[in-house]
Amino acid sequence: MAALLEVSKLHAAYGPTRVLHGIDFALEEGSITTVLGANGAGKTTTLRALCNMVQTSGEIRFGGVRIDGKATEDIVRLGIAHVPDGRGTFVHLTTEENLRLGAYVRRDKREVEQDFERIYGYFPRLKERRNQQAGTLSGGEQQMLAVSRALMLRPRLLLLDEPSFGLAPLIVREIFAIMRTINQSEKVSILLVEQNAAMALDLADHAYLIETGRVVLSGSADEIKQNDAVRRSYLGY
Amino acid sequence: MTPASPLTAASAAPGKSRRIALAVLLLAICALPFLVTNYHTFQLTMVLVYAIALLGLNILTGYNGQISLGHGAFYAIGAYVAAILMDKWGVPYWATVPVAGLVCLAAGFLFGLPALRLEGLYLALATFALGVSMPQLLKYKHLEYWTGGVQGIVIMKPDPPFGLPINQDQWLYYFTLAIALVMFLLGWNLLRGRVGRSLIAIRDQPIAAEAMGVNNSLYKSLAFGVSAMYTGVAGALGAIAVQFVAPDSFNIFLSITFLVGIVIGGLASIPGAIYGAIFIQFVPNIADQISKAAPWAIYGVFMIGFVYLMPVGVAGAIRIAWARIRRGSGRNGQQ
Amino acid sequence: MDAFLNQVFAGLATGGIYASVALALVMIYQATHQVNFAQGEIAMFSTYIAWTMIDAGMPYWPAFFLTIAIAFVLGVLIERVIVRPVEQAPVLSVVVVFIGLLVIFNSLAGWIYTYTIKVFPSPFPKEPLHVGDHFFSAHQLGAVGVTLVVLALLYAFFRYTPLGLAMRAAAQNPTSSRLVGIRVGWMLALGWGLAAAIGAIAGMMVAPTVYLDPNMMSGILLYAFAAALVGGIDNPGGAVLGGFMVGVLENLLGAYVIGNELKLAFALVLIVGVLVVRPSGLFGRVHVTRV
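A. Seen up close, the pattern of salt bridges. Counting across every chain of the model gives 25 salt bridges over all chains. One salt bridge in this structure joins Asp-74 of chain A and Arg-183 of chain C, with 2.9 Å as the shortest N-O distance. Of this pair, Asp-74 of chain A sits in helix H2 (residues 72–77) while Arg-183 of chain C sits in the loop between helix H7 (174–179) and helix H8 (184–210), each in a different chain. A relative accessible area of 29% means that Arg-183 of chain C is categorised as partly exposed. A salt bridge links Lys-225 of chain A to Asp-222 of chain A; the nearest nitrogen and oxygen atoms lie 3.9 Å apart. With Lys-225 of chain A and Asp-222 of chain A both in helix H9 (residues 221–226), this residue pair falls 3 residues apart, about one helical turn. By relative accessible area, which is 52% here, Asp-222 of chain A ends up exposed.

Below is the structure:
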């Protein structure tokens, strides 16, 4: 399969603080790839760098076309949906308005309306709360909303930043199950950043391990799972 | 050669030469009224008046970061206090200046109390409202007995005392110069030490300043009071120099003129007040010849231009240029 | 009682003007947390543009709509060219730039049109209207009507159109907005354009009563500030309500209590009072600052 996303020698910095020191990775079309690492390793920064939300240098190709240096909103228009850390909810807008914004760049009005039903099918709870201010939703519901908002773009690639953060295990499992469905039935490729390595490796096909801004290990999810160092440091057995 | 030596040499030498330069400059300033016409002497007096007002605004806005768009109001209060004292009670002109200062100190402190709760933009709004509504307050009919209503008050020009062989304009110039020197020395002492550092700390890091034991509220309302006092003193001197006060000369555009002065002269800079005063005194005079509106168009363009291109103002630019020259000569001396 | 009713109504008419300008201020404040001190002067200048066209023989309504379009473009241009570079600058720099704009528009108007006052026409009939036993000025009625139509259109725009939704989103959360593909910079420019257009309408509605001169808007701007603050400076509906409240209050106080000479002082007291007692206004959100 061809690589949907190819990243080489990616550097990123917040002002004078450099976070990524030239990382390389690739993501195959239709796959779920996960980036693992400890706090502060540069996982979130990697996702932000892909959308040009931090200062970056290096090469990023999406579907063979270079996207590094493009404006965030133009990268989104190419079909990359980003579920940011902290969820990025528009707290003063209703649930439905949040979803509508997810489809902001789409021009196929009729299909957008159908997608509402599709999303509500995945997350019936959002339908119940469609006219409620999004800021009043629970953490789990806001995470569902964030994922749904991203899906409303009909993306080719979904960037997920710590979807399990701060949520009850039951809800995390529900969200992960839906991720798998979306990946399999809708052919959306997913780049998942997670601290919960065990769950991420169960879901993913490929995995990269980054430490202090460098890729230290990569391979299929199964290989990574068997790696002793990973087992000790990240899986805890 | 140690890297420190050119630096210390450079800073020691100007210490002495700067003192000499200052003395020469002061002599030149004293000689000026004998070299120019009476009208120009009057203009120079107004430069001194504006310099005091701008120093006042700079204490508040430049050093302490509290934006005032209404300092013309304090200038107006100072001017009216002087005019009313002279007009109604026959108080000698020189005695009105400290009274005007004290009245404005109180007025500034009082306005500063509610202003304590206002940050940045909101304070700008409140002071803007003060500046806009000031002329109307001065025209208020129940105050007309004192303020003279729309007509204002005409003041007599003071004669030089002790039979000094100079004319009225020259005397006013020296009188204003003496007060300006006192005000600048006071300001210099105030801003260079502990108080100045506290004011800047509150401007830049209010929370840290509070945590380090600076009483933010006290300093902020004091800054307001002192700032208004300076501007009030300037207002009194200005009224005496112009020999006339009327409500409509103290409108919002006067406040904006002061803002222009500190932005162009240089925020948080003492000499900046002087550069700014020179600018607001002379540039409109030159631009007036093009159109009545031209000075303001130029003010506007300069304000925006300085924010973009020279946020440190003239004072900052001179400082930077001076540092460059010194560094350059230091390096040459080393080689 | 008749006089009282007439005062209330006159208050509503001017209140509508304050409400419009307050709304323009709030739109810019919501998006950028900046208060546009030049809002009044841009409105005044737009009104002069309308005057020029009408003076040249153009019928009222085409001139009216053309002015709105020109004001819109002017607003967009100002944001893109002048305000944009100081978006992230300290408050003082932003305030200085806005004051600079205020001064420039004021002096431009004085330069081009001189400081002598001009008569600006009203599109409404001159004869007062009878409603029951009461007489109302047709212009005041018309101005209130125009204000209400503008408000309704704006409400519909922000509530029901994708662009309106995107503008609200961009004002609230610029980062997330970029992540759904909204061009945030253009939304801000659009906000400026709309604000300038609303201001132009307010200017054209108020000019027939106060006459047109370069300082026409300074008092009105002050009342609009007061209105925006009373209603809560981040709440468009509150600002509109605040505008009508301030208008009525101003008229009643002017007629029965303090007289007309201290009206601006009333605005000053209102502004300082609201800021000190309840900075979030009557309907605004209370903000908690994290330290």
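B. Representation of the nonpolar core within the structure. Within the largest apolar cluster, 264 residues are counted, with the highest numbers of intra-cluster contacts made by Leu-158 of chain A, Tyr-75, Phe-128 and Ile-256 of chain B together with Phe-37, Ile-99 and Phe-225 of chain C. Element by element, the count of residues in this core is highest for H8 of chain C, at 16 residues. Setting aside its immediate chain neighbours within four residues, Leu-158 of chain A contacts Ala-81, Val-83, Ala-150, Leu-151, Met-179, Val-188, Ser-189, Ile-190 and Leu-191 of chain A.

C. Molecular detail of the sheet that holds strand E4 (residues 55–62) of chain A. Pairing is antiparallel in the open sheet, where 4 strands are placed in the order E2-E1-E4-E5 (chain A). The open sheet terminates on both sides in strands that have one partner only, identified here as strand E2 (17–28) and strand E5 (65–66) of chain A.

D. Structural view of unusual backbone geometry. Residues and elements named next belong to chain A. Even without being a glycine, Lys-9 presents a positive backbone phi close to 50°. Inspection of the secondary structure assignment puts Lys-9 in strand E1 (residues 3–14). One non-glycine residue with positive phi stands out, namely Arg-154, at about 55°. Locating Arg-154 in the fold gives a position in the loop between helix H6 (139–151) and strand E7 (157–161).

E. Here's a closer look at the environment of Ala-200 of chain C. Residues and elements named next belong to chain C. Here Ala-200 shows up in helix H8. Judged by relative accessible area, which is 0%, Ala-200 ranks as buried. Excluding its chain neighbours within four sequence positions, the residues that come into contact with Ala-200 are Ala-43, Ser-46, Thr-47, Thr-67 and Ala-71.

F. Representation of the environment of Asp-108 of chain A in the model. Checked against the element boundaries, Asp-108 of chain A lands in the loop between helix H3 (95–102) and helix H4 (109–122). Using a relative accessible area of 28% as the deciding quantity, one classes Asp-108 of chain A as partly exposed.

Scoring rules and cut-offs
Residues numbered from 1 in each chain as written. Chains lettered and ligands numbered in written order. Predicted model: local features only at pLDDT ≥ 70, side-chain atom pairs only at ≥ 80, totals over all residues. Heavy atoms only, no water. Salt bridge = Lys/Arg side-chain N within 4 Å of Asp/Glu carboxyl O. Helix = DSSP H or I, 4+ residues; strand = E, 2+ residues; numbered from the N terminus. Buried < 20%, exposed > 50% of the residue type's maximum accessible area, 1.4 Å probe, protein only. Core = buried A, V, L, I, M, F, W, Y, C linked by side-chain atoms within 4.5 Å. Contact = heavy atoms within 4.5 Å. Pairing = 2+ DSSP bridges.

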